[in-house]
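Listed below are the residues making up each chain.
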Amino acid sequence: MNRAYRKTIIAGNWKMNKTPAETRALINELRPLIQRTKWCETVVCVPFVDLPNALKASRGCRISVGAQNLHFEPSGAFTGEVSAEMLSSLGIKYVIIGHSERRQYFGDTNEIVNKKVLAASAAGLRPILCVGESLTEREYDVTREVITTQLKMALQGIDAAAMKKIVIAYEPIWAIGTGKTATADQAQEICNLIRAFVRAKYGARVARAVSILYGGSMKGSNAAELLSKPDVDGGLIGGASLKAEDFAEIVHAANQ
Ligand code: PEP
């Protein structure tokens, strides 16, 4: 983390969990636990149907609300989809784009991810852009190339002003939901590569300001070490974001 230049962010990705009533309950449980954490922005990315309750329950506290996906078209015959403007009109601040589960199960290619980043940015949403390599790619030693390609494609057509609002999450696929965490040095290496990419494309000032998160089995017991690295500015948290106490422990580690 480097708070002199950029925000520390801990974002929960609830995935397909929690009903609207459970959303209200979990946020109400979380609120008092993270009261004195002014150095860290806490975000909960919830299912679409939970967004109104998440917004209501988080009113007046330090929790921001995000969605987990969007469609890149502004409107039209796309049954079951939700547009960027629909989200921004609700008052949503963040949206996760390019999560590996969307890439794996729902066909989100780098090109689609790019269209979604453009649509979200144009609507004033802050994308949390996920990139990450598979285990095979790591074993074949092509991690750096994979991440660079994902960034190159996802950020095509994004200017410096839009880039300043984008959060990038490095999520090695082999670490998501597996209990296996990247070592702090592995996370730092790739978060540093990401910042170098942003620097080369947008300049040092933008690169310094961009928050880069690590995601992949982050929990209370390993958060402090991961977050001690200079280019790791926070975390994207799956499993551990579903229990208020577990999530709050990570937020406190990030607030140190
Ligand atoms: C995620 O879904 O983005 C994630 C990092 O999950 P987990 O923390 O459960 O590995």
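Residues numbered from 1 in each chain as written. Predicted model: local features only at pLDDT ≥ 70, side-chain atom pairs only at ≥ 80, totals over all residues. Heavy atoms only, no water.

**What about the site of the ligand?**
Inspection of the region around the ligand gives 14 residues, with Lys-15, Glu-171, Gly-177, Ser-217 and Gly-238 positioned closest. Note that an oxygen atom of the ligand is positioned 3.3 Å from one of the side-chain N or O atoms of Asn-13. With respect to the ligand, the backbone of Gly-239 contributes an N or O atom lying 2.9 Å from an oxygen atom. Contact with the protein chains hides 95% of the accessible area of the ligand, taken as 290 Å² for the molecule alone. Here the residues of the shell around the ligand are counted per class, giving 4 nonpolar, 8 polar and 2 charged. (Near = heavy atom within 4 Å. Polar contact = N/O pair within 3.5 Å; in protein donor to acceptor, adjacent residues only side chain to side chain. Areas by Shrake-Rupley, 256 points an atom, 1.4 Å probe, with all protein chains shown as cover. Nonpolar A, V, L, I, M, F, W, Y, C, P; charged D, E, K, R; others polar.)

**Observations concerning the pattern of salt bridges**
For the coordinates displayed, the defined rule picks out 12 salt bridges. The salt bridge partner of Glu-41 is Lys-7, with a shortest N-O separation of 2.9 Å. Within this pair, whereas Glu-41 is found in strand β2 (residues 40–45), its partner Lys-7 is found in the segment before β1 (8–13), the two being separated by 34 residues in sequence. Overall, Lys-7 belongs to the partly exposed group, its relative accessible area being 40%. (Salt bridge = Lys/Arg side-chain N within 4 Å of Asp/Glu carboxyl O. Helix = DSSP H or I, 4+ residues; strand = E, 2+ residues; numbered from the N terminus. Buried < 20%, exposed > 50% of the residue type's maximum accessible area, 1.4 Å probe, protein only.)

**A word on the side chain of Asn-69**
Tracing the chain through its elements places Asn-69 in the loop between β3 (63–67) and α3 (84–90). Among the polar contacts made by the side chain of Asn-69, one reaches the side chain of Lys-116 at a distance of 2.8 Å. Apart from the residues lying within four places of it in its own chain, the contact partners of Asn-69 are Phe-48, Glu-81, Leu-87, Val-95, Ile-96, Arg-102, Asp-108 and Lys-116. (Contact = heavy atoms within 4.5 Å.)

**Comments concerning the packing of helix α11 (residues 220–227) against helix α12 (residues 244–255)**
It is at 9 Å that the axes of α11 and α12 come closest, and there the two elements cross at 25 degrees. Taken together, the axes of α11 and α12 are roughly parallel relative to one another. Crossing of α11 against α12: the hand is right-handed. On the side of α11, the interface is formed by Gly-220, Ser-221, Ala-223, Ala-224 and Leu-227, while α12 contributes Glu-249, Ile-250, Ala-253 and Ala-254. Here the contact of α11 with α12 is built from residues that sort into 6 nonpolar, 2 polar and 1 charged. (Axes fitted to C-alpha atoms, helices over the stretch in contact; angles between N-to-C directions. Parallel < 35°, antiparallel > 145°, perpendicular 65-115°, else oblique. Left-handed = near helix turned anticlockwise from the far one by under 90°.)

**Some details on the state of the cysteines**
This structure, assessed with the given rule, holds 0 disulfides. Cys-45 forms no disulfide, and the closest cysteine sulfur to it belongs to Cys-130, at a distance of 8.9 Å. Classification of Cys-45 as buried rests on a relative accessible area of 0%. Residue class for Cys-130 comes out buried when judged on its relative accessible area of 2%. (Disulfide = S-S within 2.5 Å.)

**Focus on helix α7 (residues 143–154)**
Here α7 spans 16 Å end to end across 12 residues, near enough to the 16 Å set by a 1.5 Å rise per residue. Among all positions of α7, only Thr-143, Val-146, Ile-147, Gln-150, Leu-151 and Ala-154 are buried. One side of α7 holds all its buried residues, which, seen down the axis, span an arc of 125 degrees. Buried residues in α7 make contact with α4 (100–105), α5 (110–122), β5 (126–131), α6 (135–139), β6 (167–170) and α9 (184–202). (Expected span 1.5 Å × (residues − 1). Arc of directions from axis to C-beta.)

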